[in-house]
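Secondary and tertiary structure notes
The residues making up each chain are set out below.
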Amino acid sequence: MDNAYIVDIVRTPRGKGKAAGALHGVHPQELLAGVLQSLQQRTGLDPAAVDDVPTGCANDAGDHGDCIGRLGVLAAGWPDSVSGYTLNRNCGSGQQAYNNAAAMIAAGQSDLVVAAGVEMMSRYPGGGRLTLDGGNPALRQRHPIIPQGVSADLIATVGGFGRADVDGYAAESQRRAAAAIAEGRFDASMVPVTAGGKLVLDHEELPRATTAESLAALRPSFTELGATVFDGFAESFDDMARQVYPEVTGIDHVHHAGNSSGLADGAAAVLLAGQRSVEENGWKPRARVVSTAVAGAEPVIMLTAPGPAAQKCVQRAGMSLKDIDLLEVNEAFAAVVLRFLAETGVDHDKVNVNGGAIALGHPIGASGPILLATLLDELERRDLQTGLVTMCTGGGMATATVIERL
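A brief structural summary.

Conventions used here
Residues numbered from 1 in each chain as written. Predicted model: local features only at pLDDT ≥ 70, side-chain atom pairs only at ≥ 80, totals over all residues. Heavy atoms only, no water. Helix = DSSP H or I, 4+ residues; strand = E, 2+ residues; numbered from the N terminus. Buried < 20%, exposed > 50% of the residue type's maximum accessible area, 1.4 Å probe, protein only. Polar contact = N/O pair within 3.5 Å; in protein donor to acceptor, adjacent residues only side chain to side chain. Contact = heavy atoms within 4.5 Å. Pairing = 2+ DSSP bridges. Expected span 1.5 Å × (residues − 1).

Okay, the side chain of arginine 286 next. Inspection of the secondary structure puts arginine 286 in the loop between α10 (275-281) and β9 (287-296). Judged by relative accessible area, arginine 286 falls into the buried class, the value being 12%. Of note is the side chain of arginine 286, whose polar atom sits 2.7 Å from the side chain of aspartate 377. Not counting the four nearest positions on each side in its chain, arginine 286 is found in contact with Ile6, Val7, Asp8, Ile9, Ser189, Leu376, Asp377, Glu380, Arg405 and Leu406.

The next thing to look at is the pairing of strand β5 (residues 112-120). The buried fraction of β5 is high, at 9 of 9 residues. Burial along β5 is two-sided: Leu112, Val114, Ala116, Val118 and Met120 facing one way and Val113, Ala115, Gly117 and Glu119 facing the other are all buried. Two elements, strand β3 (residues 54-56) and β5, share 2 bridges in a ladder whose sense is parallel. Looking across to β5, one finds that threonine 55 is bridged to alanine 116. Direction of pairing for β5 relative to strand β8 (residues 264-273): antiparallel, over a ladder of 9 bridges. Looking at β8, one finds that glycine 117 is bridged to alanine 268.

Another point: unusual backbone geometry. Its identity as a non-glycine residue notwithstanding, cysteine 67 has a phi of 65°, on the positive side. Examined against the element boundaries, cysteine 67 turns out to sit in the loop between β3 and α2 (68-75). With phi around 50°, asparagine 352 is a residue other than glycine that occupies positive phi space. With respect to the helices, strands and loops of the structure, asparagine 352 is situated in the loop between α12 (334-344) and α13 (357-360).

Attention now goes to helix α5 (residues 148-159). Over its 12 residues, α5 extends 16 Å from the first C-alpha to the last, a length consistent with the 16 Å expected when each residue adds 1.5 Å. Within α5, 9 of the 12 residues are buried, which leaves it mostly tucked inside the rest of the structure. Regarding α5, the residues found buried are Gln148, Gly149, Val150, Ser151, Ala152, Asp153, Leu154, Ile155 and Ala156. For α5, the secondary structure elements touched by its buried residues are α8 (223-226), α9 (237-244), α12 and β11 (386-393). Glycine 160, located one to two residues past α5, shows a positive phi value of around 75°.

See below:
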């Protein structure tokens, strides 16, 4: 079995996922093309040698549609012979892209793969469903899948995390992100976005000065949503959750915009190679992929699989979580990470040390490779060796990856 080496990673800054955001005017294909070109320039990559470009994107429609993985390759000016594909595992799409790439290299079916992710939430079409059930009433009878925000509040209720807990976590995420930005900790992997020869964005656009006290003044976002009666069903979303969790007499709605992941635009690309390509190109790999995993969990509470996925991933590597130096656990909502910490016993001092999506935003399909870049840069900065990325996804799943710095 071949080693899957991480040669390099590049990623854009995260822009606000709104029409007023700096990246909104850039087409998603061009944003993806930009990181592919930057990766080529930084590594001396001959794109003609690339076997495939798996690309994570959670909203593969509209501007993101028609197989953006392939279209981004063409927009980058890479040879027509270079293929690409788009995959969707909701929030874990970009992480699944590089996990797939590592698996293909380890199996000897590819030797040089660029795994990417892109999402421009500012360019999402309006409307859409409140739930992630595909609009299938038969599935809804079996699994009354509710909106993610209500699921996050359900996690908080079941886990006993009150408003002060989630707001305190969010304030710490902002504090850590501000310190990381001030010290230039994201600079190694972040490349500026240009369009028409003009600079569009060269810094993280979402962070803002925040305290637990200012967060306490915000109204919960999902109280009214929880009381919504949906699509002809007699039950509200809160009532649908109680069908699965009858011990919950009332859901404590504690999440709001300040302790949930920010809507964001962004893209990222990872160059992975086997031993032959590393030697032929004279590359010095930054890390190797040790193991990957995916786990499913109950789909109504939905966001609880990062713990099981992380445990499966470290066990597959012949390790335990105690062996991991740093972890990135995607901050979809504050309660997601609080549950992970309580469930695994991992020290918060090792998790999201540079803040996370609450402060910096969550460009869904791009978040996986962005978190990988953040993790590897910090392992190098601290001269540490092992790291883990895990992300909850819609529908009750999570992805995980263990890497070893070289």
